[in-house]
Amino acid sequence: MSLRVFWVIILLQCAAVQADIKGSAGAAREWRLANEQLIIDRFAGLLRIPNVAADTVNIRRNAKHIQEMLGEAGMQTQLLELDGANPAVYGERLVPGAQTTVLIYVHYDGQPVNPADWASNPWVPVMRTGMVEQAGEVVPMLAPFDPQWRIFARSAGDDKAPVVALQSALMALDEAGIAPTVNIKVFMEGEEEAGSPNLRAMLEKHRDVLAADLWLFCDGPAHQSRRWQLVYGVRGSYGFDLTVYGPNRPLHSGHYGNWAPNPIALLSDLIGTMRDTNGNVYVDGFYDQFRPLSEAELAAIARTPRMDEAMMRELGIARPETEDRLEIAISRPAMNLRGIYGGDVGASARNAIQPSASASIGLRLVPDLTPEHLRTVIEQHVRDQGFFVTGQDPTPEQRQQHGRIAKLSWSKSGGYPAYRASFDEPLAVRISDILMDLSGGTLIQTPTMGGSLPIYIVGEVLQVPVLILPVANHDNNQHGANENLRLQNLWDAIEIYAAVLTGL
Ligand SMILES: [Zn+2]
């Protein structure tokens, strides 16, 4: 074969793949345009079932309802059970001849609600022309729908939208006679907002059923610019409370000041040795084991619209902690001061030297950094500052023995590491190609979210790469009052699923 013929064949193959993706997305759009009322009615039906993880009766109603919805889209479903856990909804649709299996992760439970804060009942979906904060008006939930309208209910954005979007995408493809090119599995968790206490055990128990070549986490908000976003990782999380001590009872600051050790001064000094006001951490070893961003990851960030200026205006910040843009700043390990307590201020201030002062300190982890390592180096740092380090309240004997005592109470959960998939992961390359193509080159690739999700558990237990494909609008008020989903995000999600499931 001559080189020219070779390239013509390659180009033709590329063109065929592109046409397929666009054909699927186009079929999804056509179907959606003809069925918007049906889609919204189905979505509203799901949103009407309360879904707080502790409400186990309604949680099961949700699970059953989702089983039916997936069944309508040709999926075989079952509930995955584990003693003491809310059921996970599992669904699968195996495609003859498919070489690849993609598993879509969604959670169907939602955060608890405080109905007094809501403009309408969180479990009775309503349609509004815009955000409540921007005086969006209630309109009948009847087609035709303006794509800027939003549907309001708990979990509209976090995380029930992918359920109806996936159902719609599969039904649209079926009606158009387009077969998915991958085996499709779904795993819909029922206690994510309760901290996923049983996720590891659930994955271990159902390891075989949940095997896949890629997990797609469909959760979280899309980019503030409203462009589609593919996220490759999350940071890990850990934290501790730090307490230092003065005299064993409050003392008069006039009679004993400058003589009795002042715990607030001790604590401020100690914190000052650990972290400066630019976010730099001075604990030996804190930055030892972290994976820096690769060239491809840095290039992707450089292509991302820079939101710093807009966020600074919105948040009343004239000078951020660092000159680096937000995406770079959140790719580093971080020490965040969550709270500090010593004595009272204002009218409650007393001229006293307090017995103790405490700070609560949060840590964000990036890949290759473990909670255990951070605990070791931080405790060593505190020791190096001349403190006796303990995990308990000091005994009277210890108070006599040690001039400086620090109690470090680490978070009981033990923290968890970060997760970041490689940009070179073959399926990640294929998905980003599909979305880049479909979005006309505007897809945003984000190496890591700043926040934390226990995604590493999936990677660790199932040895599978994980990507995050959020579909909800960033201003969906997730976890808060007046949670909502902008309809254009739902419409886009249907096309995205149709393209991905026929393009891989
Ligand atoms: Zn969520």
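Every value quoted in this text rests on a predicted model; they were computed, and no experiment measured them.

1. Some words on the sheet that holds strand β16 (residues 388–390)
Then, in step 1: Spatially, five strands are ordered β13-β15-β11-β17-β16 in an open sheet, and the strand pairing comes out mixed. The outermost strands of the open sheet, each flanked by one partner alone, are β13 (334–341) and β16. Geometrically, the sheet is characterised by an average inter-axis angle of 25° between neighbouring strands, direction not taken into account.
Then, in step 2: Across the sheet, helix α6 (residues 263–274) lies against β11 (236–245), β13 and β15 (356–365), angled at about 20° from β15, the strand it touches most.
Then, in step 3: Helix α10 (residues 371–384) contacts β11, β15, β16 and β17 (405–410) of the sheet and is inclined by roughly 170° relative to β17.

2. Concerning the pairing of β17
Then, in step 1: Pairing of β11 with β17, which is carried by five bridges, proceeds in the antiparallel orientation. Looking at the pairing, threonine 243 lines up with lysine 407 of β17.
Then, in step 2: Note that β16 and β17 share three bridges and pair parallel. What sits directly across from threonine 390, in β17, is lysine 407.
Then, in step 3: Remark: the β16/helix α11 (residues 396–401)/β17 crossover connection has right-handed handedness.

3. Description of the nonpolar core
Then, in step 1: One finds Ala165, Ala169, Leu216, Leu467, Ile494, Tyr497 and Ala498 to be the most contacted residues of the largest nonpolar core, which totals 128 residues.
Then, in step 2: A total of 11 residues in this core trace back to one element, the largest contributor, which is helix α14 (residues 487–503).
Then, in step 3: Two domains each donate at least three residues to this core, and these are domain 1 (16–234 + 418–503) and domain 2 (236–290 + 332–410).

4. As for the sheet that holds strand β4 (residues 126–128)
Then, in step 1: Here we have four strands laid out as an open sheet, ordered β5-β4-β6-β21, and antiparallel in their pairing. The strands lining the two open edges of the sheet, one partner per strand, are β5 (138–139) and β21 (484–486).
Then, in step 2: Taken strand by strand, α14 contacts β6 (150–152) and β21, and its axis lies near 65° from that of β21.

5. Comments concerning the domain arrangement of the protein chain
Many analyses report the size of an interface as the accessible area lost when the parts associate.
Then, in step 1: When cut into domains, the protein chain gives domain 1 (16–234 + 418–503) and domain 2 (236–290 + 332–410).
Then, in step 2: Spacing between the C-alpha centres of domain 1 and domain 2 amounts to 42 Å.
Then, in step 3: Contacts between the two partners involve four residues from domain 1 and, on the opposite side, seven residues from domain 2.
Then, in step 4: Of the residues belonging to the side of domain 1 that touches domain 2, the class tally is two nonpolar, one polar and one charged.

6. Remarks on the confidence of the model for the protein chain
Then, in step 1: Per-chain confidence: the protein chain averages 94 in pLDDT, with 96% of residues scoring 70 or above.
Then, in step 2: Across residues 8–17, confidence stays below pLDDT 50; counting only partners more than four residues off in sequence or on other chains, it has one contact.

7. Brief notes about α6
Then, in step 1: The end-to-end C-alpha distance of α6, which contains 12 residues, comes to 17 Å, matching closely the 16 Å that a straight helix rising 1.5 Å per residue would cover.
Then, in step 2: Every buried residue of α6 is accounted for by Pro263, Leu266, Leu267, Leu270 and Met274. End-on view of α6: buried residues confined to an arc of 95°, all on one side of the axis. Facing away from the buried surface of α6 by more than 90 degrees, the exposed residues are Asp269 and Gly272.
Then, in step 3: On its buried face, α6 sits against β11, β13, β15 and α10.

8. Re the packing of helix α3 (residues 161–176) against α14
Two quantities define a packed helix pair, namely the angle between the helix axes and the distance between the axes.
Then, in step 1: Running from N to C, α3 and α14 point in directions that differ by 55°, and their axes come no closer than 8 Å. Between α3 and α14, the angle is such that the two are oblique. As for the relative orientation of α3 and α14, their crossing is right-handed in sense. Residues Ala161, Pro162, Ala165, Leu166, Ser168, Ala169, Ala172 and Leu173 of α3 lie in contact with α14, whose contacting residues are Leu490, Ala493, Ile494, Tyr497, Ala498, Leu501 and Thr502.
Then, in step 2: Of the residues contributing to the contact of α3 with α14, the split by class is 13 nonpolar, two polar and no charged.

9. Brief notes about unusual backbone geometry
Then, in step 1: Residues alanine 143 and proline 144 are joined by a peptide bond in cis, for which omega reads 0°.
Then, in step 2: As for its placement among the helices and strands, proline 144 is situated in the loop between β5 and β6.
Then, in step 3: Following aspartate 158, the chain continues into aspartate 159 via a peptide bond in cis, with omega recorded as 20°.
Then, in step 4: For serine 196, which is not glycine, the phi torsion reads 50° and is therefore positive.
Then, in step 5: With respect to the secondary-structure elements, serine 196 resides in the loop between β7 (183–189) and α4 (199–205).
Then, in step 6: Not every positive phi belongs to a glycine, and histidine 479 is a case in point at roughly 75°.
Then, in step 7: By secondary structure assignment, the location of histidine 479 is in the loop between β20 (466–468) and β21.
Then, in step 8: Looking at histidine 479, the number of C-beta atoms within 10 Å reads 14, which means it is partly exposed.

The rules behind the values
- Residues numbered from 1 in each chain as written.
- Predicted model: local features only at pLDDT ≥ 70, side-chain atom pairs only at ≥ 80, totals over all residues.
- Pairing = 2+ DSSP bridges.
- Helix = DSSP H or I, 4+ residues; strand = E, 2+ residues; numbered from the N terminus.
- Axes fitted to C-alpha atoms, helices over the stretch in contact; angles between N-to-C directions.
- Contact = placed C-beta atoms within 7 Å.
- Right-handed = clockwise from strand over helix to strand, strands pointing away.
- Core = buried A, V, L, I, M, F, W, Y, C linked by C-beta atoms within 7 Å.
- Buried ≥ 20, exposed ≤ 12 C-beta atoms within 10 Å, placed from the backbone.
- Domains from an automatic or database assignment.
- Nonpolar A, V, L, I, M, F, W, Y, C, P; charged D, E, K, R; others polar.
- pLDDT = per-residue confidence, 0-100.
- Expected span 1.5 Å × (residues − 1).
- Arc of directions from axis to C-beta.
- Parallel < 35°, antiparallel > 145°, perpendicular 65-115°, else oblique.
- Left-handed = near helix turned anticlockwise from the far one by under 90°.

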